[in-house]
Amino acid sequence: MNIATKTLITTGLAGAMLAGLLTACSSNQTRATVCSPPKGPNLDEAIAKARFDLETGCERQFDAYFTRLLTIAEGDPKKENKAVFSDFLVWANDEGLLSKRKARETYTRYFGVKYVSLISDYSVCAQTCPRQQDVMRDMSSELHDKEQGLLKVSEDRLEYYRANRLYQEAELVLEATCTACAEDYE
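Scope of this entry: the structure provided in the associated data block.

Our focus in this paragraph is the overall build of the chain. Counting its secondary structure elements, the chain contains eight helices and zero strands. Secondary structure of the chain in N-to-C order comes out as α-α-α-α-α-α-α-α. Looking at the chain as a whole, 32% of its 186 residues are labelled buried. Pairs at least 24 apart in sequence give 68% of the contacts found in the chain among residues at least 6 apart. As displayed, the chain has an accessible area near 12,000 Å², and 54% of this comes from carbon and sulfur atoms.

Attention shifts here to helix α7 (residues 132-153). For α7, spanning 22 residues, the distance from its first C-alpha to its last is 30 Å, which sits close to the expected 32 Å at 1.5 Å a residue. Glu155 sits one or two residues past α7 and shows a positive phi near 45 degrees.

Ranked by size, the top nonpolar core spans 24 residues in total, and within it Phe62, Phe66, Leu69, Phe85 and Phe88 carry the most contacts. Among the elements of the structure, α2 (43-55), α3 (62-74), α4 (80-94) and α5 (100-111) are those that each provide at least two residues to this core. Top contributing element to this core by residue count: α3, with seven residues. Within the second largest apolar cluster, 16 residues are counted, among which are Met139, Leu143, Leu150 and Cys178.

This next bit is on the pattern of salt bridges. Across all of its chains, the model carries 11 salt bridges by this definition. Here Asp156 makes a salt bridge to Lys82, at a shortest N to O gap of 2.6 Å. One end of the pair, Asp156, is in the loop between α7 and α8 (157-185); the other, Lys82, is in helix α4, with 74 residues separating them in the sequence. Here Asp156 matches Lys82 in class, with each residue buried. Of the charged contacts, one joins Lys146 and Glu142 as a salt bridge, the two residues approaching to 3.3 Å between their closest N and O atoms. Of this pair, Lys146 and Glu142 both sit in helix α7, four residues apart, which is roughly one turn of that helix. For the pair Lys146 and Glu142, a shared accessibility class is recorded, and that class is buried. Overlapping salt bridges bring together Arg109, Glu142, Asp145 and Lys146 as one network.

Its 13 residues give α2 an end-to-end C-alpha distance of 18 Å, which sits within 8% of 18 Å, the value for a rise of 1.5 Å per residue. Along α2, the residues that are buried comprise Leu43, Ala46, Ile47, Ala50, Asp53 and Leu54. Taken down its axis, α2 places every buried residue within 130 degrees of arc, on the same side. Exposed residues pointing more than 90 degrees away from the buried face of α2 are listed as Asp44 and Glu45.

Turning our eyes to something else, we now look at the packing of α4 against α5. In contact at an axis separation of 9 Å, α4 and α5 are set at 160 degrees when each is read in the N-to-C sense. Here α4 is positioned roughly antiparallel relative to α5, judged by the angle of their axes. Relative to α5, α4 is oriented so that their crossing is right-handed. Along its contact with α4, which presents Lys82, Phe85, Ser86, Leu89 and Asn93, the element α5 presents Lys100, Ala103, Thr106, Tyr107 and Phe111. Partitioned by chemical class, the residues of the contact of α4 with α5 number five nonpolar, three polar and two charged.

With respect to the helices, strands and loops of the structure, Ser117 is situated in the loop between α5 and α6 (124-128). Within polar-contact distance, the side chain of Ser117 engages the side chain of Glu142 at 2.7 Å. Ignoring anything within four residues of it in the chain, the contact list for Ser117 reads Val135, Asp138, Met139 and Glu142.

Per the counting criterion, the structure on display carries three disulfides. The disulfide bridge from Cys125 ends at Cys181, spanning 1.6 Å between sulfur atoms. One quick way to see it: the torsion about the S-S bond of Cys125 and Cys181 is about -60 degrees, and its sign makes the bridge left-handed. With Cys125 in helix α6 and Cys181 in helix α8, the pair connects residues that are 56 residues apart, well separated along the chain. In this model, Cys129 is linked to Cys178 through a disulfide, with the two sulfur atoms separated by 2.1 Å. Sign of the S-S torsion, about -90 degrees for the bond between Cys129 and Cys178, identifies this disulfide as left-handed. Taken together, the positions of Cys129 in the loop between α6 and α7 and Cys178 in helix α8 put the pair 49 residues apart, joining distant regions of the chain.

Conventions we followed
Residues numbered from 1 in each chain as written. Predicted model: local features only at pLDDT ≥ 70, side-chain atom pairs only at ≥ 80, totals over all residues. Heavy atoms only, no water. Helix = DSSP H or I, 4+ residues; strand = E, 2+ residues; numbered from the N terminus. Buried < 20%, exposed > 50% of the residue type's maximum accessible area, 1.4 Å probe, protein only. Contact = heavy atoms within 4.5 Å. Areas by Shrake-Rupley, 256 points an atom, 1.4 Å probe, with all protein chains shown as cover. Expected span 1.5 Å × (residues − 1). Core = buried A, V, L, I, M, F, W, Y, C linked by side-chain atoms within 4.5 Å. Salt bridge = Lys/Arg side-chain N within 4 Å of Asp/Glu carboxyl O. Arc of directions from axis to C-beta. Axes fitted to C-alpha atoms, helices over the stretch in contact; angles between N-to-C directions. Parallel < 35°, antiparallel > 145°, perpendicular 65-115°, else oblique. Left-handed = near helix turned anticlockwise from the far one by under 90°. Nonpolar A, V, L, I, M, F, W, Y, C, P; charged D, E, K, R; others polar. Polar contact = N/O pair within 3.5 Å; in protein donor to acceptor, adjacent residues only side chain to side chain. Disulfide = S-S within 2.5 Å.

Pasting the structure below:
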């Protein structure tokens, strides 16, 4: 074999190895960046897939994964699902995907009776009344989320009816309070 042939073979082998390495690198990169929220009827399997994906590059899509998990849980509603979602949110906090406060608010938004959209450390007259319509719209949206979490995911009708009653009471109290506040400022 002459030197030109050896150089050509060596160059060809090096090129093939380089192409193989680039393909391997690009396929790993693609796998890590393709995020697809879980499908299927099994909530336990879906949560396992969601945890894996959220640990391996899909953390920015946490909300999409959480929404999909809720939808999957609707297929097998039971009271135990509250604990499953609580554990998932605790895990998300432990992994740094959500702050403790955000995890608690997310759980309360779907599975609690209280309204996170109504919580305020400020004066109702000064802070809430000027935004009364926005607050009620946010509470209405949250009631919809409670319907999904309490009724459709965990079949907890009693807690949902309590949340619904609290919504109606808050609407009446807020209306009366804001009317009284307006009279104080006139």
